[in-house]
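# Understanding the architecture of this molecule
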Amino acid sequence: MRLKKMLSVAFTVCLIALGYAVITYGQQNSSTAVYNPYPPGILPANLDSEVARVLREVDVIEGRAIQRWHSLPPPTRLPVQAGPNPPVLKGTGTESIETLGELLLFDKNMSAGGNQACTSCHMPYAGWSGPIPSVNLTMVAYPGTAHYRAGKRTPQRHTYAPFFPVLQYNKEQQLFFGGNFWDSRATGYRLRNPDAEQAQGPPVDTQEMGFPDTACVAFRLQTAVYRPLFELLWGKDSLDIKFPHETEEICETPGGAAVFGGDPEPIKLRTEERTKANTVYDQWGLSIDAYEQSVQVSNFTSKFDASLKGNYTMTADELAGFNLFNGKGNCNSCHVDGRGTTLNPGQVDTSTTATANPPVFTCFGSANEGLPLNPRNAFYYQNTPDSFGFTGDPYGFAYKDLGMGTFLRSGFGSGPNPNRNWIQFAPSVDGQFQVASVRNVAMTPRQCSTTEAGTGKPYFQKAFFHNGYIKSLKQLVHFYNTRDTSFAYPVTSGHCPAGTIERVTCWPMKEVPNNLDTTTGNLGLTDQEENQIVAFLETLTDGYTAPYPNSDTFTGSCMTCNPATDPNCSPSRQGNGELIPTPPLPPCASAICGVEPVPSPPIP
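In this report, we go over the structure that sits alongside the text. (Residues numbered from 1 in each chain as written. Predicted model: local features only at pLDDT ≥ 70, side-chain atom pairs only at ≥ 80, totals over all residues. Heavy atoms only, no water.)

What follows deals with the overall build of the protein chain. Of the regular secondary structure elements, the protein chain holds 16 helices and six strands. Relative to the globule expectation of 25 Å for 604 residues, the C-alpha radius of gyration of the protein chain, 25 Å, shows essentially globular dimensions. For the protein chain, the C-alpha atoms occupy an extent of roughly 90 × 65 × 50 Å along the three principal directions. In the protein chain, buried positions account for 55% of the 604 residues. Partitioning the intrachain contacts of the protein chain with sequence separation of at least 6 by distance along the chain shows that 73% fall at a separation of at least 24. (Helix = DSSP H or I, 4+ residues; strand = E, 2+ residues; numbered from the N terminus. Rg over C-alpha atoms; globule rule 2.2 N^0.38 Å. Buried < 20%, exposed > 50% of the residue type's maximum accessible area, 1.4 Å probe, protein only. Contact = heavy atoms within 4.5 Å.)

Have a look at this one:
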């Protein structure tokens, strides 16, 4: 009797605690307070309207994908037969899983607030990178489901990301190759597919889509309009998971909320239910990868690809830029073009693609290009708690982005390193970031014909490199060309000496000086040669031989400027009107630069 009474009391206490938790979730989630720790000028004035504009465009593309799904003849599921052949959905199986991946990628309900899709930061018309020019110009990273939390890096292009192999360390070259994300933390260690593992990151990123638990994906899929397609591909009972009644309240509360107490699995599922939810999360990633590998995203339809088949003749500047890319500019030391070769006199090279078949214009490795710290990065200012008790960057400007080095240490702001043998190499990769493919680096909406200001054409403002410091392709090439010349100054951004122009005749000091890539930095290119390399980069934009899918959805405004009235209206000085002075920098936080094995030499 006494035991029964004790159990009854314990049960009542549990119910009270559970009720409090649910109420707390609801109360915190109902908060209308907007997190804005930023000084004036960090957030663009049109941020809310631009976020709303992108969400409307996301809805358009999702609607098209739903129509395509409904128009697909159902694939044939063959009866299981004896023999070596695995079960395959015959006929439209490929189109079905690619369409599912697209639906997942454009579903804004896959976020805590139901207000952010994966593609909120990666739209087709921008080469699957950042779709808001004013964000690219200012705060760099995009606001997440909880406004205005923001990450610390620019959105990478989805195109050709599926071609990166599983992360590996090459002992002979003493270099890492593969992985996804800027810091390669999506290694592919378990799914053997870095792109699929990359897709698993944003839904539970506290500053992005913000789910507090990976099981929220399976929970929201249970009510998705395309649930039948998911179950067709992954099994009719794949989403039959019994969730606790408080799951919705949990899933609509952004990750990192103090109410969770750091629990990564606040949805309390039975072991078998958790296993099914984890399987769904893997299937989420694999489906998105299927779409990103497809011709809807990575389709090799650029002028360059046409030229390989003799269907496009490069202009004089484009061809000169190509030769500089492979020669004096030394670009292909990292962005390899993999062309075929002629080995013997008189031998004819009949390869129309190359050993990379066709070239993806990356070595799949990582490098430290010596970018200055960008004080416009919204991340540095998130050093106070938001209304959920979450602090994005408790270190403020004491945070230094060590890229792959932080990942190998399983450090703050990255992810856990699954390979203990890699930890020892962390000091050798501090400051290194993924060598992205340069394909589609120049892609813009059709209405905005260039990325470059002051060319007499409407332009689409982009942000280049991991921290968005570079604002045009001209600046990008000029940086590679002159980083280590007399233009290098021991100052931070916004403090270039009088008589110099930042990004033109002044490059501020490197955020992380360790492991600097010295294949570039003092190339000796002329101004014309820099422009010719830009002209070649523009030939790598897909959509020349066929319209690029969904590139017509941009409903925003292109940027224009008048060189006669704006001294910064040129590709060289682009974005200089938005420069702000870097505050005095404290030493690198010990939680970043003091983690074993410590950086060598020490990072100030």
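There is more to say, and it comes next.
Quick look at the pattern of salt bridges now. Enumeration over the complete set of coordinates arrives at 26 salt bridges. The salt bridge involving Asp401 is made with Arg153; its shortest N-O contact spans 2.7 Å. Taken together, the residues span a long stretch of sequence, with Asp401 in the loop between strand E5 (366–367) and helix H12 (404–408) and Arg153 in the loop between helix H4 (133–137) and strand E3 (168–170) at a distance of 248 residues. Each member of the pair, Asp401 as well as Arg153, carries the same accessibility label: buried. Here Arg227 ties to Glu231 by a salt bridge, and the two come within 2.8 Å at their closest N and O atoms. Here Arg227 and its partner Glu231 are both found in helix H7 (residues 227–234), four residues apart, which amounts to about one turn of the helix. Neither residue differs from the other here; Arg227 and Glu231 are each classed as buried. (Salt bridge = Lys/Arg side-chain N within 4 Å of Asp/Glu carboxyl O.)

Next up on the list: the packing of helix H11 (residues 316–325) against helix H15 (residues 527–537). Between H11 and H15, the shortest axis-to-axis distance is 7 Å and the interhelical angle comes to 100°. In terms of axis orientation, H11 runs roughly perpendicular to H15. In this structure, H11 uses Asp317, Glu318, Ala320, Gly321, Phe322, Leu324 and Phe325 to contact H15, whose residues at the interface are Glu529, Gln532, Ile533, Ala535, Phe536 and Leu537. Here the residues of the contact of H11 with H15 sort into eight nonpolar, two polar and three charged. (Axes fitted to C-alpha atoms, helices over the stretch in contact; angles between N-to-C directions. Parallel < 35°, antiparallel > 145°, perpendicular 65-115°, else oblique. Nonpolar A, V, L, I, M, F, W, Y, C, P; charged D, E, K, R; others polar.)

This paragraph deals with the side chain of Thr138. One can find Thr138 in the loop between H4 and E3. Given a relative accessible area of 7%, Thr138 falls into the buried group. If sequence neighbours within four positions are ignored, Thr138 has contacts with Ile42, Pro44, Arg376, Lys471 and Glu578.

Once that is clear, we can look at the environment of Leu373. By the element assignment, Leu373 lies in the loop between E5 and H12. For the pair Leu373 and Glu511, spaced 138 residues apart in sequence, the C-alpha to C-alpha distance is 5.0 Å.

This paragraph deals with the packing of aromatic side chains. Considering all chains together, one arrives at 32 aromatic pairs under this definition. Seen in terms of ring centroids, Tyr169 and Phe425 are 3.9 Å apart; in terms of plane orientation they differ by 20°. Their pairing is stacked. Taken together, the residues Tyr169 in strand E3 and Phe425 in the loop between H12 and helix H13 (426–429) connect sequence positions 256 residues apart. Judged by centre distance (5.1 Å) and plane angle (75°), the rings of Phe304 and Phe361 are edge-to-face. In this pair, Phe304 sits in helix H10 (residues 303–308) while Phe361 sits in the loop between H11 and E5, placing the two residues 57 residues apart along the sequence. The class of Phe304 is buried, set by a relative accessible area of 1%. Looking at Phe361, the relative accessible area reads 0%, which means it is buried. Here the aromatic residues Phe304, Phe322, Phe325, Phe361 and Phe536 are joined through ring pairs into a cluster of three or more. (Phe/Tyr/Trp six-rings, centres within 6.5 Å; stacked < 30°, edge-to-face > 60°.)

Membership of the largest hydrophobic core comes to 84 residues, with the highest contact counts inside it found for Leu221 and Tyr226. Listed by contribution, the elements that provide at least two residues to this core are helix H2 (47–71), helix H3 (93–105), helix H6 (215–221), H7, helix H8 (247–251), helix H9 (271–293) and helix H16 (590–593). The element that contributes the greatest number of residues to this core is H2, accounting for eight residues. When neighbours within four sequence positions are excluded, Leu221 is seen to be in contact with Leu104, Met110, Tyr226, Arg227, Phe230, Leu239 and Val280. Judged by nonpolar contacts, the second largest core, of 30 residues, contains Tyr312, Phe361, Val441 and Trp507. (Core = buried A, V, L, I, M, F, W, Y, C linked by side-chain atoms within 4.5 Å.)

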